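Chain residues, written in single-letter form:
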Amino acid sequence: MKRGLVIGKFLPIHAGHLALIDFAASQCDELIVSMSYTLADPIDWQLRFEWLKELIKNKPNVKAEISLDDFDNESLPLSERIQRWAAFIKRRFPPVDCIFSSEEYGEPFARELGIGHKLFDLSRTNFPVSGTLVRKNPFKYWNFIPAVVRPYFVKKICFYGPESTGKSTMAKHMANMFETEYVPEVAREFITTNEFSVEDIIRIGNAQTQRVFEKVKTANKILCCDTDLITTQIYSKIYLNEVPQILYHLEKQITYDHYFLFEIDVPWVEDGLRDLGSKRQEMFNLFKSALEIRNIPYQTIKGSWEEREALVKQRIEQLLNQS
(Lines give C-alpha, C1' and ligand atoms only; values in the text may rest on other atoms or scores of the structure.)
Protein backbone atom coordinates (compact mmCIF):
# COMPACT_ATOMS: atom_id res chain seq x y z
CA MET A 1 0.00 0.00 0.00
CA LYS A 2 1.27 3.45 -0.92
CA ARG A 3 0.79 6.14 1.71
CA GLY A 4 1.21 9.80 0.82
CA LEU A 5 1.41 12.99 2.85
CA VAL A 6 0.36 16.59 2.24
CA ILE A 7 1.18 19.15 4.92
CA GLY A 8 0.00 22.71 5.36
CA LYS A 9 -1.47 25.37 7.59
CA PHE A 10 -4.41 25.97 5.24
CA LEU A 11 -4.73 29.62 6.21
CA PRO A 12 -7.27 29.31 4.61
CA ILE A 13 -7.64 26.24 2.43
CA HIS A 14 -8.15 27.28 -1.20
CA ALA A 15 -8.47 25.84 -4.71
CA GLY A 16 -4.72 25.31 -5.04
CA HIS A 17 -4.65 23.19 -1.89
CA LEU A 18 -7.61 21.16 -3.10
CA ALA A 19 -5.96 20.55 -6.47
CA LEU A 20 -2.80 19.36 -4.70
CA ILE A 21 -4.84 17.02 -2.51
CA ASP A 22 -6.62 15.59 -5.56
CA PHE A 23 -3.31 15.15 -7.38
CA ALA A 24 -1.84 13.30 -4.42
CA ALA A 25 -4.95 11.22 -3.70
CA SER A 26 -5.01 9.95 -7.28
CA GLN A 27 -1.58 8.36 -6.74
CA CYS A 28 -2.04 6.89 -3.26
CA ASP A 29 -3.96 4.16 -1.55
CA GLU A 30 -4.02 6.36 1.51
CA LEU A 31 -3.32 10.08 1.76
CA ILE A 32 -2.75 11.90 5.03
CA VAL A 33 -3.49 15.63 4.93
CA SER A 34 -1.86 17.13 7.99
CA MET A 35 -2.87 20.59 9.17
CA SER A 36 -0.54 22.27 11.65
CA TYR A 37 -1.59 25.20 13.78
CA THR A 38 -0.57 27.58 16.51
CA LEU A 39 -2.79 29.51 18.89
CA ALA A 40 -1.57 32.75 17.30
CA ASP A 41 -2.79 31.89 13.79
CA PRO A 42 -4.88 34.63 12.14
CA ILE A 43 -7.74 32.20 11.46
CA ASP A 44 -9.02 29.94 14.23
CA TRP A 45 -7.57 26.44 13.92
CA GLN A 46 -10.79 24.64 14.79
CA LEU A 47 -12.66 26.44 12.03
CA ARG A 48 -9.90 25.67 9.51
CA PHE A 49 -9.92 22.00 10.43
CA GLU A 50 -13.72 21.86 10.01
CA TRP A 51 -13.29 23.35 6.54
CA LEU A 52 -10.67 20.76 5.67
CA LYS A 53 -12.78 17.84 6.89
CA GLU A 54 -15.83 19.10 5.02
CA LEU A 55 -13.90 19.45 1.77
CA ILE A 56 -12.42 15.93 1.86
CA LYS A 57 -15.42 14.10 3.29
CA ASN A 58 -16.21 12.47 -0.06
CA LYS A 59 -12.63 11.31 -0.66
CA PRO A 60 -12.48 7.87 0.99
CA ASN A 61 -8.70 7.47 0.76
CA VAL A 62 -7.94 10.89 2.26
CA LYS A 63 -7.63 11.36 6.00
CA ALA A 64 -7.37 14.73 7.74
CA GLU A 65 -5.04 15.06 10.72
CA ILE A 66 -4.26 18.03 12.92
CA SER A 67 -1.18 18.84 14.99
CA LEU A 68 -0.09 21.67 17.23
CA ASP A 69 2.99 23.28 15.72
CA ASP A 70 5.21 23.36 18.78
CA PHE A 71 8.20 21.88 16.97
CA ASP A 72 9.11 24.51 14.36
CA ASN A 73 11.33 27.57 14.80
CA GLU A 74 11.12 30.10 11.99
CA SER A 75 14.29 31.84 13.15
CA LEU A 76 16.40 28.80 12.18
CA PRO A 77 17.86 28.14 8.71
CA LEU A 78 15.56 26.10 6.47
CA SER A 79 17.84 23.06 6.67
CA GLU A 80 17.49 22.93 10.46
CA ARG A 81 13.75 23.54 10.30
CA ILE A 82 13.38 20.65 7.87
CA GLN A 83 15.16 18.36 10.33
CA ARG A 84 12.62 19.34 12.98
CA TRP A 85 9.73 18.76 10.58
CA ALA A 86 11.01 15.35 9.60
CA ALA A 87 11.52 14.28 13.21
CA PHE A 88 7.96 15.32 13.98
CA ILE A 89 6.49 13.47 10.99
CA LYS A 90 8.29 10.26 11.99
CA ARG A 91 6.87 10.54 15.52
CA ARG A 92 3.38 11.58 14.53
CA PHE A 93 2.44 9.38 11.57
CA PRO A 94 2.87 5.83 10.31
CA PRO A 95 5.53 5.32 7.61
CA VAL A 96 4.93 7.51 4.57
CA ASP A 97 6.12 6.68 1.04
CA CYS A 98 5.81 10.06 -0.65
CA ILE A 99 5.45 13.74 0.12
CA PHE A 100 3.33 15.83 -2.26
CA SER A 101 3.89 19.58 -2.25
CA SER A 102 3.79 22.82 -4.22
CA GLU A 103 6.78 24.24 -2.39
CA GLU A 104 10.53 24.33 -2.98
CA TYR A 105 11.13 22.84 0.46
CA GLY A 106 9.31 19.67 -0.60
CA GLU A 107 12.36 18.00 -2.17
CA PRO A 108 14.82 18.49 0.73
CA PHE A 109 12.07 17.61 3.18
CA ALA A 110 11.47 14.31 1.40
CA ARG A 111 15.21 13.60 1.31
CA GLU A 112 15.42 14.14 5.06
CA LEU A 113 12.62 11.63 5.49
CA GLY A 114 14.20 9.23 3.02
CA ILE A 115 11.08 9.04 0.87
CA GLY A 116 9.84 10.17 -2.53
CA HIS A 117 8.58 13.61 -3.48
CA LYS A 118 6.19 14.76 -6.18
CA LEU A 119 5.91 18.44 -7.03
CA PHE A 120 2.65 20.06 -8.07
CA ASP A 121 2.26 23.46 -9.74
CA LEU A 122 5.29 25.06 -8.10
CA SER A 123 5.01 28.16 -10.30
CA ARG A 124 1.31 28.59 -9.38
CA THR A 125 0.55 28.66 -13.10
CA ASN A 126 -2.76 26.86 -12.76
CA PHE A 127 -3.64 28.22 -9.35
CA PRO A 128 -2.13 31.70 -8.86
CA VAL A 129 -3.18 31.95 -5.25
CA SER A 130 -1.89 31.47 -1.71
CA GLY A 131 -3.33 31.67 1.77
CA THR A 132 -1.54 34.97 2.33
CA LEU A 133 -3.05 36.47 -0.82
CA VAL A 134 -6.52 35.30 0.14
CA ARG A 135 -6.24 36.81 3.62
CA LYS A 136 -4.92 40.08 2.22
CA ASN A 137 -7.58 40.50 -0.46
CA PRO A 138 -10.22 37.76 -0.36
CA PHE A 139 -12.51 39.37 -2.90
CA LYS A 140 -9.76 39.50 -5.53
CA TYR A 141 -9.29 35.75 -5.11
CA TRP A 142 -12.95 34.96 -4.46
CA ASN A 143 -13.14 32.32 -7.21
CA PHE A 144 -10.33 30.36 -5.55
CA ILE A 145 -12.11 30.23 -2.17
CA PRO A 146 -14.28 27.14 -1.56
CA ALA A 147 -17.95 27.77 -0.83
CA VAL A 148 -17.62 26.47 2.73
CA VAL A 149 -14.86 29.02 3.44
CA ARG A 150 -16.42 32.08 1.82
CA PRO A 151 -18.77 33.00 4.70
CA TYR A 152 -15.72 33.74 6.84
CA PHE A 153 -14.75 36.59 4.50
CA VAL A 154 -18.21 37.98 3.71
CA LYS A 155 -18.63 41.59 4.83
CA LYS A 156 -21.85 41.97 6.83
CA ILE A 157 -23.42 45.39 6.45
CA CYS A 158 -26.16 46.64 8.77
CA PHE A 159 -28.78 49.12 7.55
CA TYR A 160 -29.72 50.62 10.88
CA GLY A 161 -31.90 53.31 12.40
CA PRO A 162 -35.45 54.22 13.41
CA GLU A 163 -38.57 53.29 11.46
CA SER A 164 -39.52 54.85 8.13
CA THR A 165 -36.06 56.00 7.09
CA GLY A 166 -35.66 53.87 3.96
CA LYS A 167 -33.45 51.11 5.40
CA SER A 168 -35.36 48.15 3.94
CA THR A 169 -35.68 49.66 0.49
CA MET A 170 -32.00 50.58 0.38
CA ALA A 171 -30.82 47.22 1.72
CA LYS A 172 -32.83 45.34 -0.92
CA HIS A 173 -31.65 47.72 -3.62
CA MET A 174 -27.99 47.27 -2.72
CA ALA A 175 -28.34 43.50 -2.49
CA ASN A 176 -29.71 43.51 -6.04
CA MET A 177 -27.07 45.95 -7.27
CA PHE A 178 -24.20 43.86 -5.90
CA GLU A 179 -25.86 40.53 -6.74
CA THR A 180 -25.88 39.22 -3.21
CA GLU A 181 -28.20 38.21 -0.38
CA TYR A 182 -30.52 40.36 1.70
CA VAL A 183 -31.59 39.70 5.29
CA PRO A 184 -35.00 41.25 6.03
CA GLU A 185 -36.36 42.49 9.33
CA VAL A 186 -37.85 39.14 10.31
CA ALA A 187 -40.05 40.66 13.03
CA ARG A 188 -42.53 41.46 10.28
CA GLU A 189 -42.87 37.74 9.59
CA PHE A 190 -43.87 37.12 13.23
CA ILE A 191 -46.11 40.01 14.23
CA THR A 192 -48.83 42.10 12.62
CA THR A 193 -49.36 44.53 15.49
CA ASN A 194 -47.19 46.05 18.20
CA GLU A 195 -48.94 43.91 20.79
CA PHE A 196 -46.37 41.18 21.42
CA SER A 197 -44.87 39.30 24.36
CA VAL A 198 -41.42 38.62 25.75
CA GLU A 199 -41.65 35.16 24.21
CA ASP A 200 -42.39 36.79 20.84
CA ILE A 201 -39.38 39.11 21.04
CA ILE A 202 -37.12 36.19 21.95
CA ARG A 203 -38.38 34.23 18.94
CA ILE A 204 -37.76 37.29 16.76
CA GLY A 205 -34.22 37.69 18.10
CA ASN A 206 -33.39 34.04 17.47
CA ALA A 207 -34.91 34.12 14.00
CA GLN A 208 -33.07 37.32 13.03
CA THR A 209 -29.77 35.78 14.12
CA GLN A 210 -30.39 32.50 12.34
CA ARG A 211 -31.38 34.28 9.13
CA VAL A 212 -27.99 36.01 9.04
CA PHE A 213 -26.23 32.68 9.60
CA GLU A 214 -28.23 31.16 6.73
CA LYS A 215 -27.81 33.98 4.24
CA VAL A 216 -24.08 34.46 4.83
CA LYS A 217 -23.55 30.95 3.43
CA THR A 218 -24.72 32.04 -0.02
CA ALA A 219 -23.80 35.72 0.04
CA ASN A 220 -21.60 37.13 -2.69
CA LYS A 221 -18.85 39.02 -0.83
CA ILE A 222 -21.25 41.25 1.11
CA LEU A 223 -24.45 40.60 3.04
CA CYS A 224 -27.03 43.40 3.30
CA CYS A 225 -28.83 43.18 6.64
CA ASP A 226 -31.95 45.19 7.41
CA THR A 227 -31.68 45.62 11.21
CA ASP A 228 -29.74 43.86 13.98
CA LEU A 229 -30.16 42.67 17.57
CA ILE A 230 -29.49 46.14 18.97
CA THR A 231 -32.65 47.22 17.16
CA THR A 232 -34.55 44.28 18.64
CA GLN A 233 -33.39 45.32 22.10
CA ILE A 234 -34.48 48.92 21.55
CA TYR A 235 -38.00 47.94 20.52
CA SER A 236 -38.22 45.39 23.32
CA LYS A 237 -37.46 48.14 25.82
CA ILE A 238 -39.97 50.55 24.25
CA TYR A 239 -42.90 48.17 23.91
CA LEU A 240 -42.28 45.71 26.77
CA ASN A 241 -40.23 47.90 29.11
CA GLU A 242 -37.68 45.09 29.44
CA VAL A 243 -34.96 43.42 27.42
CA PRO A 244 -34.55 39.65 27.82
CA GLN A 245 -30.92 38.79 28.56
CA ILE A 246 -30.76 36.42 25.61
CA LEU A 247 -31.00 39.37 23.21
CA TYR A 248 -27.64 40.62 24.47
CA HIS A 249 -26.18 37.13 24.03
CA LEU A 250 -27.53 36.95 20.48
CA GLU A 251 -26.08 40.39 19.71
CA LYS A 252 -22.58 39.07 20.44
CA GLN A 253 -22.94 36.20 17.98
CA ILE A 254 -22.73 38.49 14.94
CA THR A 255 -20.26 41.27 14.23
CA TYR A 256 -21.14 43.69 11.44
CA ASP A 257 -18.35 45.12 9.33
CA HIS A 258 -20.12 48.40 8.70
CA TYR A 259 -23.14 50.29 10.03
CA PHE A 260 -25.20 52.73 8.00
CA LEU A 261 -27.22 54.91 10.39
CA PHE A 262 -30.22 56.31 8.50
CA GLU A 263 -31.27 59.88 9.34
CA ILE A 264 -34.92 60.96 9.76
CA ASP A 265 -34.80 63.65 7.04
CA VAL A 266 -37.37 61.80 4.92
CA PRO A 267 -41.19 61.71 5.22
CA TRP A 268 -42.64 59.36 7.83
CA VAL A 269 -44.89 56.73 6.18
CA GLU A 270 -47.57 54.72 7.99
CA ASP A 271 -47.53 50.99 7.25
CA GLY A 272 -49.66 49.38 9.95
CA LEU A 273 -46.84 48.69 12.40
CA ARG A 274 -45.11 52.05 12.63
CA ASP A 275 -46.51 54.14 15.45
CA LEU A 276 -43.59 56.26 16.64
CA GLY A 277 -43.88 59.06 14.11
CA SER A 278 -44.21 61.67 16.83
CA LYS A 279 -40.93 60.56 18.44
CA ARG A 280 -38.63 60.45 15.42
CA GLN A 281 -35.83 62.61 16.84
CA GLU A 282 -35.99 60.82 20.17
CA MET A 283 -35.77 57.44 18.41
CA PHE A 284 -32.90 58.56 16.18
CA ASN A 285 -30.96 59.70 19.23
CA LEU A 286 -31.66 56.38 20.92
CA PHE A 287 -30.36 54.38 17.96
CA LYS A 288 -27.31 56.59 17.63
CA SER A 289 -26.53 56.38 21.35
CA ALA A 290 -26.79 52.58 21.29
CA LEU A 291 -23.94 52.44 18.79
CA GLU A 292 -21.82 55.02 20.55
CA ILE A 293 -21.95 53.37 23.99
CA ARG A 294 -20.69 50.18 22.28
CA ASN A 295 -17.94 52.09 20.45
CA ILE A 296 -19.31 50.86 17.13
CA PRO A 297 -18.28 53.10 14.20
CA TYR A 298 -21.08 54.15 11.86
CA GLN A 299 -21.75 56.26 8.80
CA THR A 300 -24.75 58.59 8.79
CA ILE A 301 -26.91 58.37 5.67
CA LYS A 302 -29.09 61.37 4.83
CA GLY A 303 -30.37 63.49 1.99
CA SER A 304 -32.38 62.59 -1.09
CA TRP A 305 -32.69 59.02 -2.34
CA GLU A 306 -30.00 59.70 -4.94
CA GLU A 307 -27.65 61.15 -2.32
CA ARG A 308 -28.25 58.24 0.02
CA GLU A 309 -27.76 55.70 -2.72
CA ALA A 310 -24.47 57.32 -3.76
CA LEU A 311 -23.14 57.31 -0.18
CA VAL A 312 -24.04 53.67 0.43
CA LYS A 313 -22.80 52.48 -2.95
CA GLN A 314 -19.48 54.28 -2.55
CA ARG A 315 -18.84 52.77 0.88
CA ILE A 316 -19.70 49.24 -0.24
CA GLU A 317 -17.34 49.57 -3.17
CA GLN A 318 -14.61 50.69 -0.78
CA LEU A 319 -15.23 47.62 1.40
CA LEU A 320 -15.00 45.38 -1.65
CA ASN A 321 -11.73 46.96 -2.76
CA GLN A 322 -10.01 46.97 0.60
CA SER A 323 -6.85 44.89 0.83
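The present account deals with the structure reproduced in this document. (Residues numbered from 1 in each chain as written. Predicted model: local features only at pLDDT ≥ 70, side-chain atom pairs only at ≥ 80, totals over all residues. Heavy atoms only, no water.)

**Observations regarding unusual backbone geometry**
Part 1 of the argument: In this chain, Leu11 is followed by Pro12 through a cis amide linkage whose omega measures 0 degrees.
Part 2 of the argument: Despite not being glycine, Asp121 shows a phi value in the positive range, around 50 degrees.
Part 3 of the argument: Structurally, the position occupied by Asp121 is in the loop between strand S5 (116-119) and helix H5 (131-136).
Part 4 of the argument: For Asp121, a relative accessible area of 15% corresponds to the buried category.
Part 5 of the argument: Even without being a glycine, Ser164 presents a positive backbone phi close to 60 degrees. (Helix = DSSP H or I, 4+ residues; strand = E, 2+ residues; numbered from the N terminus. Buried < 20%, exposed > 50% of the residue type's maximum accessible area, 1.4 Å probe, protein only.)

**Some details on the environment of Tyr239**
Part 1 of the argument: When you line up the elements, Tyr239 lands in helix H10 (residues 229-240).
Part 2 of the argument: Residue Tyr239 is classed as partly exposed on the basis of its relative accessible area, which comes to 24%.

**Examining the sheet that holds strand S10 (residues 299-301)**
Part 1 of the argument: Spatially, 5 strands are ordered S7-S8-S6-S9-S10 in an open sheet, and the strand pairing comes out parallel. This sheet does not close on itself; its edge strands, each paired only once, are strand S7 (181-183) and S10. Strand-to-strand twist of the sheet, defined as the mean angle between neighbouring strand axes without regard to direction, takes the value 25 degrees.
Part 2 of the argument: Where strand S6 (residues 155-160) and strand S8 (residues 222-226) come together, 5 bridges link them in parallel fashion. Within the sheet, the bridge partner assigned to Ile157 lies in S8 and is Cys224.
Part 3 of the argument: Against the sheet, helix H9 (residues 198-216) contacts S6, S7 and S8, and its axis sits at roughly 175 degrees relative to S7. (Pairing = 2+ DSSP bridges. Axes fitted to C-alpha atoms, helices over the stretch in contact; angles between N-to-C directions. Contact = heavy atoms within 4.5 Å.)

**Looking at the pairing of strand S1 (residues 3-8)**
Part 1 of the argument: Within S1, 5 of the 6 residues are buried, leaving the element largely enclosed by the surrounding structure.
Part 2 of the argument: Bridging between S1 and strand S2 (residues 30-37) involves 6 bridges; their strand directions are parallel. Its bridge partner lying in S2, Val6 is registered against Val33.
Part 3 of the argument: Following the chain from S1 across helix H1 (residues 15-25) to the adjacent parallel S2, one finds a crossover that is right-handed.
Part 4 of the argument: Pairing between S1 and strand S4 (residues 98-101): 2 bridges, direction parallel. Along S4, the bridge assignment pairs Gly4 with Cys98. (Right-handed = clockwise from strand over helix to strand, strands pointing away.)

**What about the pairing of strand S9 (residues 258-262)?**
Part 1 of the argument: Among the 5 residues that make up S9, 5 are buried, leaving the element largely enclosed by the rest of the structure.
Part 2 of the argument: The alternating pattern of S9 places His258, Phe260 and Phe262 on one face and Tyr259 and Leu261 on the opposite face, and all of these are buried.
Part 3 of the argument: In the sheet, S6 pairs with S9 via 4 bridges, with the strands oriented parallel. Residue pairing in the sheet places Ile157 in a bridge with His258 of S9.
Part 4 of the argument: The sheet contact formed by S9 and S10 spans 3 bridges and is parallel. Counted as the bridge partner of Phe262 is Ile301 from S10.

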